[in-house]
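Residue-level listing of the chains:
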Amino acid sequence: MSPRSPGCPQSPLSCLCGSLCVPKDPSDIPVTPRVTLGPLSPSPRPRVSPHVSPRPQEVDIGLAADVGTLQRLPKIVGSQSLVNELAFTARKMMAPEAQSCGLVSRVFPDKAALLRGALAVAAAVAARSPVAVQGTKVNLVYARDHPVPEGLRYVATWNMAMLQTEDILKSVQAALEKRDPESVPFAKL
């Protein structure tokens, strides 16, 4: 288990800070990438408050990062030298740098704006076919861990199976009628 951030208002058992949250100002309630959308998970890139500095800090307590950070971070950031520096030194990376290297997709000025932005993304995702969203998530994870030709075969097989749902017909009909996905009554998972 990773150490909690200084000033984290949560009890040790309910803390979500993990190894990626180190607030710039301990009086701020930590808002980590994991609170919105996990940076190292198959979910879309997270949104963060400028007070968050993501970093793998296990090296500071005598451990190698053990929850997938060392395996996933190089693929997300695309710079092995940056990942090495962060992992070896536990250097704080402030939100603008995290955005510039692709670790997060957006930086919000405060917690309220971050929550509004995260909820807007969640609403947009929720308006889409649950079958398509789940299939996309599964295929993103598969593509991350396999070569492109294997990923293309996998998604082709997946989509052949999904042709049996009514969501495709409803989506095509809505597109032909120039309606937004929000107006389509998709099937539940």
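These numbers were taken from a predicted model, which means no experiment stands behind them.

The rules behind these values
Residues numbered from 1 in each chain as written. Predicted model: local features only at pLDDT ≥ 70, side-chain atom pairs only at ≥ 80, totals over all residues. Heavy atoms only, no water. Axes fitted to C-alpha atoms, helices over the stretch in contact; angles between N-to-C directions. Helix = DSSP H or I, 4+ residues; strand = E, 2+ residues; numbered from the N terminus. Parallel < 35°, antiparallel > 145°, perpendicular 65-115°, else oblique. Left-handed = near helix turned anticlockwise from the far one by under 90°. Contact = heavy atoms within 4.5 Å. Nonpolar A, V, L, I, M, F, W, Y, C, P; charged D, E, K, R; others polar. Phe/Tyr/Trp six-rings, centres within 6.5 Å; stacked < 30°, edge-to-face > 60°. Buried < 20%, exposed > 50% of the residue type's maximum accessible area, 1.4 Å probe, protein only. Expected span 1.5 Å × (residues − 1). Arc of directions from axis to C-beta. Polar contact = N/O pair within 3.5 Å; in protein donor to acceptor, adjacent residues only side chain to side chain. Patch = residues over 30% accessible without salt bridge, like charges linked within 9 Å, V, L, I, M, F, W, Y side chains within 5 Å. Areas by Shrake-Rupley, 256 points an atom, 1.4 Å probe, with all protein chains shown as cover. Salt bridge = Lys/Arg side-chain N within 4 Å of Asp/Glu carboxyl O. Core = buried A, V, L, I, M, F, W, Y, C linked by side-chain atoms within 4.5 Å.

1. Focus: the packing of helix α6 (residues 130-145) against helix α7 (residues 148-162)
Consideration 1: Across the interface, α6 lies against α7 with an axial gap of 10 Å and an inter-helix angle of 160°. If you check the angle between α6 and α7, you find them roughly antiparallel. When you trace α6 past α7, the crossing you get is right-handed. Together, V131, G135, V138, N139 and Y142 of α6 and E150, G151, Y154, V155, W158 and M162 of α7 make up the contact between the two elements.
Consideration 2: Classifying every residue of the contact of α6 with α7 by side-chain character gives seven nonpolar, three polar and one charged.

2. Side note on the packing of aromatic side chains
Consideration 1: Counted by the stated rule, this structure contains two aromatic pairs.
Consideration 2: When the ring of Y142 is compared with that of Y154, the centres are 3.9 Å apart and the planes differ by 5°; the resulting orientation is stacked. Here Y142 is found in helix α6, whereas its partner Y154 is found in helix α7, with twelve residues between them in sequence.
Consideration 3: Owing to a relative accessible area of 21%, Y142 belongs among the partly exposed residues under this scheme.
Consideration 4: Clustering of aromatic rings is evident, with ring pairs tying together Y142, Y154 and W158.

3. Here we look at α6
Consideration 1: Taking 1.5 Å of rise per residue, 16 residues should cover 22 Å, and α6 covers 23 Å from first to last C-alpha, within 8% of that figure.
Consideration 2: Among the residues making up α6, those that are buried are V131, G135 and N139. Buried residues of α6, seen end-on, are gathered within an arc of 50° and therefore sit on one face of the element.
Consideration 3: Taken together, the buried residues of α6 touch α7 and α8 (167-176).

4. What to know about unusual backbone geometry
Consideration 1: Phi is positive for A90, which is not a glycine, with a value near 55°.
Consideration 2: Looking at the element boundaries, A90 is found in the loop between α3 (80-89) and α4 (95-100).
Consideration 3: Of the residues examined, A90 reaches a relative accessible area of 2% and is grouped as buried.
Consideration 4: Look at K178: it is not a glycine, yet its phi comes out positive at around 60°.
Consideration 5: Here K178 falls in the exposed class, since its relative accessible area comes to 76%.

5. Digging into the side chain of N139
Consideration 1: Structurally, N139 is set in helix α6.
Consideration 2: Within the structure, the side chain of N139 is placed 2.8 Å from the backbone oxygen of G135, a separation counted as a polar contact.
Consideration 3: Filtering out sequence-adjacent residues up to four positions away, N139 remains in contact with Y154, V155 and W158.

6. What to know about a nonpolar patch on the surface
Consideration 1: A cluster of nonpolar side chains, contributed by M160, L163, I168, V172 and L176, occupies part of the molecular surface with about 530 Å² of accessible area.
Consideration 2: No other element matches the three residues that α8 contributes to the nonpolar patch.
Consideration 3: Along the chain, V172 turns up in helix α8.
Consideration 4: We classify V172 as partly exposed; its relative accessible area is 45%.

7. Quick look at helix α2 (residues 69-77)
Helical periodicity: at 3.6 residues per turn, an α-helix aligns residues three or four positions apart in one direction.
Consideration 1: When we look at burial in α2, the residues that qualify are T69, L73, P74, I76 and V77. Along the axis of α2, the buried positions cluster into a sector of 165°, meaning they face one direction only.
Consideration 2: Buried residues along α2 sit in contact with α3.
Consideration 3: Immediately beyond the C-terminal end of α2, within one or two residues, lies G78, with a positive phi of roughly 80°.

8. Describing the nonpolar core
Consideration 1: Within the largest apolar cluster, eleven residues are counted, these being L73, I76, V77, L82, V83, L86, M93, A98, C101, L103 and V104.
Consideration 2: Only α2 and α3 provide two or more residues apiece to this core.

Just distances and angles here, no functional claims.
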